[in-house]
Amino acid sequence: MMAAEDAATAEAEAPAEADSNGAQEQLLSPLDRARQALEDENFDRSLMGELLAELEGELFDLRDQLAASAGVASKAEGLEGSLAASKDQLLRLTADFENFRKRTAAEKDELSSRAKGDVIAGLLPCLDNFELARTQVKPETEGEQKINNSYQGLYKQMVDIMKGLGVETVDTVGAPFDPELHEAIMREPSDDVPDGTVLLEFRKGFRMGERLLRPAMVKVSFREEAAPAASADTDSEPNSIDESP
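Residues numbered from 1 in each chain as written. Predicted model: local features only at pLDDT ≥ 70, side-chain atom pairs only at ≥ 80, totals over all residues. Heavy atoms only, no water.

**As for the confidence of the model for the protein**
Point 1. Taken as a whole, the protein shows an average pLDDT of 77; of its residues, 73% reach a score of 70 or greater.
Point 2. In the model of the protein, helix 1 (residues 2-27) stands out as the element of lowest mean pLDDT, 51, in contrast to strand 6 (residues 216-222), which has the highest, 94.
Point 3. Under a pLDDT of 50 for its full length, residues 226-245 has, in the predicted model, zero contacts with residues more than four places off or in other chains. (pLDDT = per-residue confidence, 0-100. Helix = DSSP H or I, 4+ residues; strand = E, 2+ residues; numbered from the N terminus. Contact = heavy atoms within 4.5 Å.)

This is how it looks when you write it as structure tokens:
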């Protein structure tokens, strides 16, 4: 009885073991199966043909995957090139915009400064009149003094406003004559100062920053040249030539 049961158990386990070995062989790759067949010296022609076909199939699959990977790599390189070109274009556009912004700001400042200078230049004659009144008007009564004080207060207010806008007077008396800043309307000989020195100011000049609003009218000194030396006596007789033989 025991022998019969052992035999039945062995017969039942044999198919299960065979199925397990078959499952393990299915889990192995064709290359591992071929290596195992060589180790077992199993040179069955049908088995070798089957393994060779499976190996060729895997080789074709690997080639297809490699080609797909190459296509993906090429596409990735193309995308990287496009990204680099777009980045370079963005940098160029950013630089162009920054230059445009700076240029526009500079042009705006220049236009504002020019307009402000034109307005101030138009007010300079009024300033001249206040200056003339300050030097020539001599109030005699208390009422005239009050009027004069009012005018002078207004004049001082205008001067303070122009100073706040950056307006400066041009240096004149004692300064060297500068044709860029001065307009010479008179010349006077003088040995007390260097040649080309401003002696007198007839009308104030003004400038705002680097811009000259109006040149100053001035009188300039010059040095008289020394009198020419007396010429030689032309009446003296020339040396006589001895014509005797």
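**Details of the packing of aromatic side chains**
Point 1. Counted according to the given criterion, the structure contains two aromatic pairs.
Point 2. Here the aromatic rings of Phe-130 and Tyr-151 are separated by 6.2 Å at their centres, their planes lie at 55°, and the arrangement is tilted. Of this pair, Phe-130 sits in helix 3 (residues 45-136) while Tyr-151 sits in helix 4 (residues 142-164), placing them 21 residues apart in sequence.
Point 3. Seen in terms of ring centroids, Phe-130 and Tyr-155 are 6.2 Å apart; in terms of plane orientation they differ by 35°. Their pairing is tilted. One end of the pair, Phe-130, is in helix 3; the other, Tyr-155, is in helix 4, and 25 residues separate them in sequence. Judged on exposure class, the residue Phe-130 and its partner Tyr-155 are both buried.
Point 4. Taken together, the ring pairs connect Phe-130, Tyr-151 and Tyr-155 into an aromatic cluster.
Point 5. If you follow Arg-187 out to its NZ or CZ, it ends over the ring of Phe-222, 4.3 Å from the centre. (Phe/Tyr/Trp six-rings, centres within 6.5 Å; stacked < 30°, edge-to-face > 60°. Buried < 20%, exposed > 50% of the residue type's maximum accessible area, 1.4 Å probe, protein only. Lys NZ or Arg CZ within 6 Å of the ring centre and 35° of its normal.)

**As for the pattern of salt bridges**
Point 1. Counting across every chain of the model gives eight salt bridges.
Point 2. Note that Asp-160 is salt-bridged to Lys-156, the shortest N-O span being 3.1 Å. A residue pair is termed a helical-turn pair when its members lie 3 or 4 positions apart in one helix, as Asp-160 and Lys-156 do in helix 4 at four residues.
Point 3. Since its relative accessible area comes to 39%, Asp-160 is described here as partly exposed.
Point 4. Lys-204 is the salt-bridge partner of Glu-201, the closest N and O atoms lying 3.8 Å from each other.
Point 5. Accessibility expressed as a relative area gives 31% for Lys-204, which makes it partly exposed. (Salt bridge = Lys/Arg side-chain N within 4 Å of Asp/Glu carboxyl O.)

**Considerations on the nonpolar core**
Point 1. Core analysis: the largest hydrophobic core is formed by eleven residues, namely Ile-120, Leu-124, Leu-127, Phe-130, Tyr-155, Met-158, Met-162, Val-167, Phe-206, Met-208 and Leu-213.
Point 2. Broken down by secondary-structure element, the contributors of at least two residues to this core are helix 3, helix 4 and strand 4 (206-208).
Point 3. Per-element accounting of this core gives the leading share, four residues, to helix 3.
Point 4. Setting aside its immediate chain neighbours within four residues, Val-167 contacts Ile-120, Met-162, Phe-206, Arg-207, Met-208 and Leu-213. (Core = buried A, V, L, I, M, F, W, Y, C linked by side-chain atoms within 4.5 Å.)

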